[in-house]
Amino acid sequence: MAIPRLCSIPDCSKPRFCRGWCEAHYLRWRRHGDPQAGRAAPSKGAICSIPDCGKPLKSLGLCLAHYYRQKRNGDPLAGGTPTGEPERFMREVVLTYDRTDCLTWPYGKSREGYGRIYFGGKTRIVSNVVCAEVHGSAPSKLHEAAHSCGNGHLGCVNPHHLSWKTRAANHADKLIHGTHNRGERHQQVKLKEDDVRFIRSMRGKMKRSVLAETFGITVSTIGQIQSRLTWAWLHDGG
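The numbering scheme is per chain: residues are counted from 1 as the chain's sequence reads. Given that this is a predicted model, residues contribute local features only at a pLDDT of at least 70 and side-chain atom pairs are listed and counted only at 80 or more, while totals for whole chains, interfaces and linings are drawn from all residues. Side-chain numbers here rest on the full set of heavy atoms in the structure, without hydrogens or water.

Colleague: So what exactly am I meant to see when it comes to the packing of aromatic side chains here?
Modeller: Note on aromatic pairs: each is described by the distance of the centres and the angle between the planes. A pair of aromatic rings is counted whenever rings of Phe, Tyr or Trp (Trp by its six-membered ring) have centres within 6.5 Å, and the orientation is called stacked for planes under 30 degrees apart, edge-to-face for over 60 and tilted otherwise. For the structure shown, the criterion picks out 4 aromatic pairs. Aromatic pair Phe17 and Tyr26: ring centres 5.6 Å apart, planes at 55°, arrangement tilted. Throughout this description, buried means an accessible area under 20% of the type-specific maximum (1.4 Å probe, protein chains only), exposed means over 50%, and partly exposed covers the range between. By relative accessible area, Tyr26 is classed as buried at 13%. For the ring pair Phe89 and Tyr107, a centre distance of 5.6 Å and an interplane angle of 85° mean the geometry is edge-to-face. With Phe89 in helix 3 (residues 85–94) and Tyr107 in the loop between helix 3 and strand 1 (116–119), the pair connects residues that are 18 residues apart, well separated along the chain. Numbering of helices and strands starts at the N terminus; helices are DSSP runs of H or I of at least 4 residues and strands are runs of E of at least 2.

As structure tokens, then:
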């Protein structure tokens, strides 16, 4: 009688399935890249094995960020930005930039496209940090970094394009630049500008319920449009 071949992992004693491991260890290797990973949770307070990382342990002796780099690139140090590199770039490249064209932030960005940096103990918008370095602190909490180029959402951090403005003034600039997401630019809007003009023109001529069903919106929304409580900025003539 043949002796069954056992898993090569010490103290396992289960029959081999593939690559010299039992089925459980093989699946752990497929999932984590290590046949012995994913078994016990890291001890409380354990940190990443990468020098100078210091983040909590996730798996394979690595923090969450280094663990995913290991899975994605086969190297826990691949594909990441070296610590301090964004700040170095900001100080040595951004703050000394002397050209008039946009300078795009090459590192992490917000969902809206604005450059982000870990600075002063927290994650901040790069344009706000640069504006403060160039023009001093914001005059008030109502002020924010405004882009004269209109390309803040594309990651521009050219210090010559930045100045402190109130949110109202900044939004007015966005209207001039065509980057404001009002009206049909908004991702969730159901109506186009011509639809709104048509709804207005049908005031007193067509029932609001019919208009609401036609455009897939509520009767109250039809009323707000016709009373100019919404879309008030849109002129009937285009």
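Colleague: Can you walk me through helix 7 (residues 208–215) in this structure?
Modeller: Three- or four-residue spacings in an α-helix give side chains the same orientation, since the helix completes a turn every 3.6 residues. Among the residues of helix 7, those classed as buried are Leu211, Ala212 and Phe215. Buried residues of helix 7, viewed axially, fall in a sector of 100°; they line one side. Opposite the packed face of helix 7, turned more than 90 degrees from it, sit the exposed residues Glu213 and Thr214. In this analysis, two residues are considered to be in contact whenever any of their non-hydrogen atoms come within 4.5 Å of each other. For helix 7, the elements touching its buried residues are helix 6 (193–201) and helix 8 (219–226). Once helix 7 finishes, Gly216 follows within two positions and takes phi at roughly 70°, a positive value. Our arc is simply the arc of the directions from the helix axis toward the C-beta atoms.

Colleague: Where do I start with the layout of surface pockets in this structure?
Modeller: In this approach a probe as big as a water molecule rolls over the atoms, and the regions it shows empty are the leftover space. Cavity: a set of points on a 1 Å grid over the protein atoms alone where a 1.4 Å probe fits but cannot get out. Pocket: an open set with protein on both sides within 12 Å along at least five of seven lines, its lining residues, like those of a cavity, having an atom within 4 Å of a point. Grid points are joined across faces, edges and corners, and a volume is the space filled by probe spheres set on the points. In this structure, the largest pocket encloses a volume near 800 Å³. Lys55, Arg69, Thr81, Pro82 and Thr83 are the residues nearest the centre of the largest pocket, which is lined by 24 residues in total. Going through the elements one at a time, helix 2 (64–73), helix 3 and strand 1 are the ones with two or more residues in the lining of the largest pocket. When residue character is reported, Ala, Val, Leu, Ile, Met, Phe, Trp, Tyr, Cys and Pro are called nonpolar, Asp, Glu, Lys and Arg charged, and the others, Gly included, polar. Of the residues contributing to the lining of the largest pocket, the split by class is 11 nonpolar, 7 polar and 6 charged.

Colleague: How should the nonpolar core be read in this particular structure?
Modeller: Note on soluble globular proteins: their nonpolar side chains tend to be buried together. The nonpolar core is taken to be a set of buried Ala, Val, Leu, Ile, Met, Phe, Trp, Tyr and Cys residues, with the residues joined through side-chain atoms within 4.5 Å. The biggest cluster of nonpolar side chains holds 17 residues, and the ones touching the most others in it are Met90, Val94, Trp105, Ile117, Val126, Val130 and Val157. With 4 residues, helix 4 (residues 126–135) is the largest single contributor of residues to this core. In this structure, Leu211, Ala212, Phe215 and Ile217 belong to the second largest nonpolar core, which totals 12 residues.

Colleague: What exactly am I supposed to notice about the pairing of strand 2 (residues 122–125) here?
Modeller: Regular strands show a simple pattern: their side chains alternate between the two faces of the sheet. One bridge is not enough; two strands pair if DSSP finds at least two bridges between them. Here 4 bridges tie strand 1 to strand 2, and the two strands are oriented antiparallel to one another. From the neighbouring strand, Ile117 faces strand 2, where its bridge partner is Arg124. Counted between consecutive antiparallel strands, the loop separating strand 1 from strand 2 contains 2 residues, among which Gly120 sits at a positive phi close to 65°.

Colleague: For this particular structure, what's the right way to read helix 1 (residues 23–32)?
Modeller: Of the positions making up helix 1, those classed as buried are His25, Tyr26, Arg28 and His32. Summarising the axial view, the buried residues of helix 1 lie within an arc of 160°, below the 170-degree limit, and thus occupy one face. In the segment just after helix 1, Gly33 is the residue with positive phi, at about 85°.

Colleague: Help me out: how do you make sense of the packing of helix 7 against helix 8 in this one?
Modeller: Axis angles are defined between N-to-C directions and span 0 to 180 degrees, where every axis is a line fitted to C-alpha atoms and, for a helix, only to the segment in contact. Running from amino to carboxyl end, helix 7 crosses helix 8 at an angle of 105°, the nearest separation of the two axes being 8 Å. Regarding the angle of helix 7 to helix 8, the classification is roughly perpendicular. Seen from helix 7, the contacting residues are Arg208, Ser209, Leu211 and Ala212; seen from helix 8, they are Val219, Ile222, Gly223 and Gln226. Its residues assigned to classes, the contact of helix 7 with helix 8 shows 4 nonpolar, 3 polar and 1 charged. Here roughly perpendicular refers to angles of 65 to 115 degrees, roughly parallel to angles under 35, roughly antiparallel to angles over 145, and oblique to all remaining angles.

Colleague: What is the right way to look at the pattern of salt bridges in this model?
Modeller: Note that side chains of opposite charge can pair when their charged atoms are close. By definition, a salt bridge exists where a carboxyl oxygen of Asp or Glu is found within 4 Å of a side-chain nitrogen of Lys or Arg. Counted according to the given criterion, the structure contains 6 salt bridges. A salt bridge links Arg91 to Glu133; the shortest N-O distance between them is 3.9 Å. In this pair, Arg91 is assigned in helix 3 and Glu133 in helix 4, connecting sequence segments 42 residues apart. Accessibility expressed as a relative area gives 36% for Arg91, which makes it partly exposed. Of the charged contacts in the structure, one is a salt bridge between Arg99 and Asp101, with a shortest N-O distance of 3.2 Å.

Colleague: Where do I start with unusual backbone geometry in this structure?
Modeller: Excluding glycine, residues mostly carry a negative phi; peptide bonds, for their part, are mostly trans. Of note, Ser13 is a non-glycine position whose phi angle comes to about 70°, a positive value. Examined against the element boundaries, Ser13 turns out to sit in the segment before helix 1. The class of Ser13 is exposed, set by a relative accessible area of 56%. Unusually for a residue other than glycine, Arg228 sits at a positive phi of about 60°. With respect to the helices and strands, Arg228 occurs in the segment after helix 8.

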